[in-house]
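A structural walkthrough
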Amino acid sequence: MVTLIATQSLTKTYGNRVTALSDLTVAVEPGIVGLVGANGAGKSTFIKILLGLLAPTGGQARVLDLDPTVDGQAVRSRVGYMPEHDCLPPDLSAAEFVTHMARMSGLPRTTARERASETLRHVGLYEERYRQVGGYSTGMKQRVKLAQALVHDPDLLLLDEPTNGLDPAGRDGMLALIHRIGTEFGISVLVCSHLLGEVERICDALVAIEAGRLLRSAQLSDMTTVTDVLSVEVSEGTDELAARLAALELPVRRDGRLLLIPIDGDATYDLILTAVAELDLPLHRLDQRRHRVAELFASTTQGDLQ
Amino acid sequence: MTALDTHQPGRPAGVIHDIGYQRYDGPRLGRRHIVGALYLHGLRAAFGLGRSAKGKVFPWLIVGVVGMVAAVLIAIRAQTGQAVLSYAEFPEVLTLLIVFFCAVVAPELASRDLHSGVLPLYFARPLRRGDYALAKLAALVSATFLLLAGPLTLMFAGAAFTVDGLGAVWSEFGDYLVALGYVAVHAVVFSAVAMLVASVVRRRAVAAGAIVGAFLLTTPVVGVLAVLPSETASQLAGLASPITLVGGIGDWAFEAGGDLGIGRFGPLYGAVALGLVGVCVLLLLARYRKVASQ
């Protein structure tokens, strides 16, 4: 199998003070790859080197079996990039903008227009694609950003914090979309995020970096079983709820004010919500437990994830 | 489209989000087409085409005024048979409007992309950074050229019907061609300066002000130099401002009997203009080499 991304002792320093990447050696296979690290860990620098926009200070990188510092043009014609920051001109419609970006990737005029509306539909923008982007919600803007990265049918998508600024529902939608792109569309994806709990749900492989250094890189199946856990917080009656859930044969664990229940399909949600409703308890919070990069780091020393 | 139109059994009609993704294996055009597309996009944007009504107001206001001036000149010539303004004088009279046009359009082409943060999207594509800068500059040069060449062509057409005899039309045509060359010089010099200024200012309004400033604030310098007792100093005074610099080239190469009094320094004016454009283009390219890696 062709290696999607491979780096060898990749190092990048800005000026001679700031080290963004330090001796990073990593190889990932096609699929959905999560690149996790705290803000400032070097994720964006990593992406820019892969795109050939930044030259590494030392070491080598290969993307789709090409060297981006030498064949930048060739790499960039086969890669789609969604940056973290705002990058949409407010006074164009999404359809016009994505069409223009498709043309900038070399698609002929009519094809560009067709693929632009098709891609916008795939990311969930329909009639609103003819409205000016300036009036869009954050969620819609993120979708346009994704569409412009996808419109020229790349072999690899580089997504920098695609869920930034989205509400929980928007995050789930975006992650589901990325998962579809990686599986149904057959396009490899590199997703950058500072939230491990988010990307681990959709990724085949994870690369964790901290302060420019490789923390851990593994196929997700290699990592110790990461069970999805629901955390429930009720303002009062925690004990009652724990007892009730235990009676329902759910393996409840207590963690301070939180109740942790492993997820076993959608039924788990229903059982918990029913229990809370029947006991008439004030539900404060119910969400999927997110792991932080620090936990992953801790796991490398403790040998057990969470 | 076919997948969209066919009704798939077992799925509710009208739900269209579940059509399969189609991989694209058609042609991917090369550098020339990409740059061409960007150039055309820029040229359209220069006149507010494909933009909201707000984006059309300023460029078309200026086009309107230039067109009106041309219309009045044509009418006078048709009535009196006298050309009150030669073709080559046309761009000189309208210098201020050309400056305004560049001040409106250059930020639209350069500052707008800086401000919206769209540049990384361009440079994450096969498009080269230098090509981006040059395509934008070419769009501004073309737009400025069209702004003047259009009315000039109308004036020639009007004159061609007024003058008697094919010989006279032919001589008109010669003057017209020379004036087009002069207009091109205006377009290149003014655009190069305006584009460079716009490429370093993120806010469009500020960029517009800076461009007008770059052109107008240098004119008093010319005024001061011109009144110096030294004849050479006054002959070289025009070099201090892009406007008089171009005017000097006009006196040297495009008009008989110029009014700026550049003496024998015509070629120097030409060389300085060439140098100015060259420096502006180099700085513009350097600017985009830097901005892309941020």
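The rules we used
- Residues numbered from 1 in each chain as written.
- Chains lettered and ligands numbered in written order.
- Predicted model: local features only at pLDDT ≥ 70, side-chain atom pairs only at ≥ 80, totals over all residues.
- Buried ≥ 20, exposed ≤ 12 C-beta atoms within 10 Å, placed from the backbone.
- Helix = DSSP H or I, 4+ residues; strand = E, 2+ residues; numbered from the N terminus.
- Arc of directions from axis to C-beta.
- Contact = placed C-beta atoms within 7 Å.
- Domains from an automatic or database assignment.
- Core = buried A, V, L, I, M, F, W, Y, C linked by C-beta atoms within 7 Å.
- Pairing = 2+ DSSP bridges.
- Axes fitted to C-alpha atoms, helices over the stretch in contact; angles between N-to-C directions.
- Parallel < 35°, antiparallel > 145°, perpendicular 65-115°, else oblique.
- Left-handed = near helix turned anticlockwise from the far one by under 90°.
- Nonpolar A, V, L, I, M, F, W, Y, C, P; charged D, E, K, R; others polar.

1. Focus on helix α8 (residues 238–247) of chain A
All names here are of chain A. Residues of α8 that are buried include every one of L241, R244 and L245, and no others. Down the axis of α8, the buried side of the element spans an arc of 95 degrees, and every buried residue falls inside it. In α8, the exposed positions angled more than 90 degrees off the buried face are occupied by D239, A246 and A247. In this structure, the buried side of α8 is in contact with β10 (229–234), β12 (258–262) and α9 (266–279). Directly after α8, the chain includes E249, whose backbone phi takes a positive value near 65 degrees.

2. Thoughts on the domain arrangement of chain A
Assigned domains of chain A: these are domain 1 (5–78 + 154–220), domain 2 (90–149) and domain 3 (229–290). Domain 2 of chain A and domain 3 of chain A are separated by 42 Å when their C-alpha centres are compared.

3. A word on the nonpolar core
The biggest cluster of nonpolar side chains holds 156 residues, and the ones touching the most others in it are V98 of chain A together with C102, A106, L140, A194 and I211 of chain B. The greatest single-element share of this core, amounting to 15 residues, is contributed by helix α9 (residues 166–200) of chain B. With residues near it in sequence (within four places) discarded, V98 of chain A still touches A116, T119, L120, V144, A147, Q148 and V151 of chain A. Core analysis: the second largest hydrophobic core is formed by ten residues, L241, I261, A275 and V276 of chain A among them.

4. A few points about the interface of chain B and chain A
Taken together, the contact pairs 33 residues of chain B with 33 residues of chain A. For the side of chain B that touches chain A, the element with the most residues is helix α2 (residues 31–46) of chain B, which contributes five residues.

5. Notes on the sheet that holds strand β11 (residues 253–255) of chain A
Residues and elements named next belong to chain A. In spatial order, the strands read β11-β12-β10-β13; together these four strands make up an open sheet with antiparallel pairing. Of all the strands in the sheet, the pair left with one neighbour each is β11 and β13 (283–288). The mean angle between the axes of side-by-side strands here comes to 25 degrees, regardless of whether they run parallel or antiparallel. As defined by bridge partners, β10 adjoins β13 across five bridges and the pair is classed as antiparallel.

6. As for the sheet that holds strand β5 (residues 79–82) of chain A
Residue and element names in this part refer to chain A. Strand order in the open sheet made by the six strands is β5-β6-β7-β3-β8-β9, with mixed pairing throughout. Looking along the sheet, the strands with just one partner apiece sit at the ends: β5 and β9 (213–219). Across the sheet, the axes of successive neighbouring strands diverge by a mean angle of 15 degrees, strand direction being ignored. For β5 and strand β6 (residues 156–160), the ladder comprises four bridges, and the chain directions are parallel. Residue pairing in the sheet places Y81 in a bridge with L158 of β6. Contacts from helix α5 (residues 138–150) reach β5 and β6, with the element oriented near 165 degrees to β5.

7. Here's the deal with the packing of helix α5 (residues 95–109) of chain B against helix α8 (residues 129–162) of chain B
All names here are of chain B. The N-to-C vectors of α5 and α8 enclose an angle of 150 degrees; their axes lie 10 Å apart at closest approach. It follows from the interaxial angle that α5 and α8 lie roughly antiparallel. Both α5 and α8 take part in a crossing whose hand is right-handed. Within the contact between the two elements, α5 uses I98, F101, C102, V105, A106 and L109 and α8 uses K136, A139, L140, A143, T144 and L147. Here the residues of the contact of α5 with α8 sort into ten nonpolar, one polar and one charged.

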